[in-house]
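# Breakdown of the fold
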Amino acid sequence: MGNSATRRIAASVRQKQIRAKAFSLQRQAITEPRFVADVMLGRLAKWLRIAGFDVLYSNKYTDDELIAISNLERRVLLSRDTRLLIRKPVREFIFLKSQDIQKQIHQVFETMHISALASLLTRCLSCNETLMETPRESVRERVPAFVYETQSRFKSCPKCGKIFWAGTHRNAVVQTLQRLLT
Ligand SMILES: [Zn+2]
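To start, this report covers the structure provided alongside it. Small disclaimer: the values here were computed from a predicted structure and weren't measured.

We now examine the sheet that holds strand β4 (residues 93–95). If you walk across this open sheet you meet the 4 strands as β2-β1-β3-β4, and the pairing is parallel. On the outer flanks of this sheet lie β2 (55–57) and β4, each paired with one strand and no other. The mean inter-strand angle of the sheet, taken between neighbouring strand axes irrespective of direction, is 25°. As paired elements, strand β1 (residues 35–37) and β2 share 3 bridges and run parallel to each other. In the strand pairing of β2, Val36 is matched with Leu56. Across the sheet, helix α2 (residues 42–50) lies against β1, β2 and β3 (76–79), angled at about 150° from β2, the strand it touches most. The strands that helix α5 (residues 101–111) touches are β1, β3 and β4; relative to β4, the one it contacts most, it runs at about 140°.

Dropping the structure here:
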């Protein structure tokens, strides 16, 4: 038996063990789930932030850091790495089965029983900070004139200062998220 076949079998054994391990999370109803995403899942982290979820992500986190953050802050660890997820200290996690971003989002929503997005567009997608209402007059010099004239409400990120308004995220993005709800 070649090396690659051995690796495939080992991977499928790990996946089976991970499925058994993941069972407890699927039965819990966590009202406001928080996440930490591994280095491969930057896109998923961004989409979940747009949907309003608190998702920690850094391409510098080591496996040990990911596990520590997940356990200390009770964040669901998102990963496609079976070697990481099979480690003993890993408790709450979702093993993302697909590389397809829409399937990944749907799997998270389904596993966490998320059927509505109460906090849609309330979070900075770069920093993960909760956006703050910002008086319209104060953004006049910081947004395009057309935006200033046509929008009445603005929010800004307390960390990076980026300004958001209703049209920041295209409708298509929001529609995609709604469609992926369970
Ligand atoms: Zn920010």
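Let us look at helix α3 (residues 63–72). Among all positions in α3, only Leu66, Ile67, Ile69, Ser70 and Asn71 are buried. Here the buried face of α3 lies against β1, β2, β3 and α4 (82–85). Looking at the residues trailing α3, positive phi occurs at Arg74, about 50°.

On to the coordination of the zinc ion. Six octahedral donors around a metal ideally make angles of 90 or 180 degrees; four tetrahedral donors ideally make 109.5 degrees. For the zinc ion, every protein donor is listed as Cys124 (SG), Cys127 (SG), Cys157 (SG) and Cys160 (SG), and the spread of their distances is 2.3 to 2.4 Å. Relative to the metal, the 4 donor atoms surrounding the zinc ion lie at angles of 105 to 114°, and the coordination shape comes out tetrahedral. Read N to C, the donor residues that coordinate the zinc ion are spaced as C-x2-C-x29-C-x2-C. One end of the pair, Cys127, is in the loop between α5 and β5 (132–134); the other, Cys160, is in the loop between β6 (154–156) and β7 (163–165), and 33 residues separate them in sequence. Under the relative-accessibility criterion, Cys127 is labelled buried at 19%. Judged by its relative accessible area of 41%, Cys160 is partly exposed.

Let's shift gears to the side chain of Ser98. Take Ser98: it is sitting in the loop between β4 and α5. The buried category is assigned to Ser98, whose relative accessible area is 18%. Sequence-distant contacts of Ser98, defined by excluding residues within four places in its chain, comprise Arg80, Lys103 and Gln104.

Across the sheet, which stays open at both edges, the 3 strands sit in the order β5-β6-β7 with antiparallel pairing between neighbours. Of all strands in the sheet, those bounded by a partner on one side alone are β5 and β7. Here the strands of the sheet are splayed against their neighbours by 40° on average, with no regard to which way each runs. The sheet contact formed by β6 and β7 spans 3 bridges and is antiparallel. When the sheet's bridge partners are listed, Phe154 is paired in β7 with Trp165.

Right, let's get into the side chain of Ser156. Relative to the helices and strands, Ser156 resides in strand β6. We classify Ser156 as buried; its relative accessible area is 12%. Of the polar contacts made by the side chain of Ser156, one reaches the side chain of Thr134; its length is 2.8 Å. Apart from the residues within four sequence positions on either side, Ser156 is in contact with Leu131, Met132, Thr134, Gly161, Lys162 and Ile163.

Cut-offs and rules
Residues numbered from 1 in each chain as written. Predicted model: local features only at pLDDT ≥ 70, side-chain atom pairs only at ≥ 80, totals over all residues. Heavy atoms only, no water. Pairing = 2+ DSSP bridges. Helix = DSSP H or I, 4+ residues; strand = E, 2+ residues; numbered from the N terminus. Axes fitted to C-alpha atoms, helices over the stretch in contact; angles between N-to-C directions. Contact = heavy atoms within 4.5 Å. Buried < 20%, exposed > 50% of the residue type's maximum accessible area, 1.4 Å probe, protein only. Donors = N, O, S within 2.8 Å, 3.2 Å for Na, K, Ca; no water. Tetrahedral: all angles 85-135°; square planar, octahedral: opposite > 155°, others 65-115°. Polar contact = N/O pair within 3.5 Å; in protein donor to acceptor, adjacent residues only side chain to side chain.

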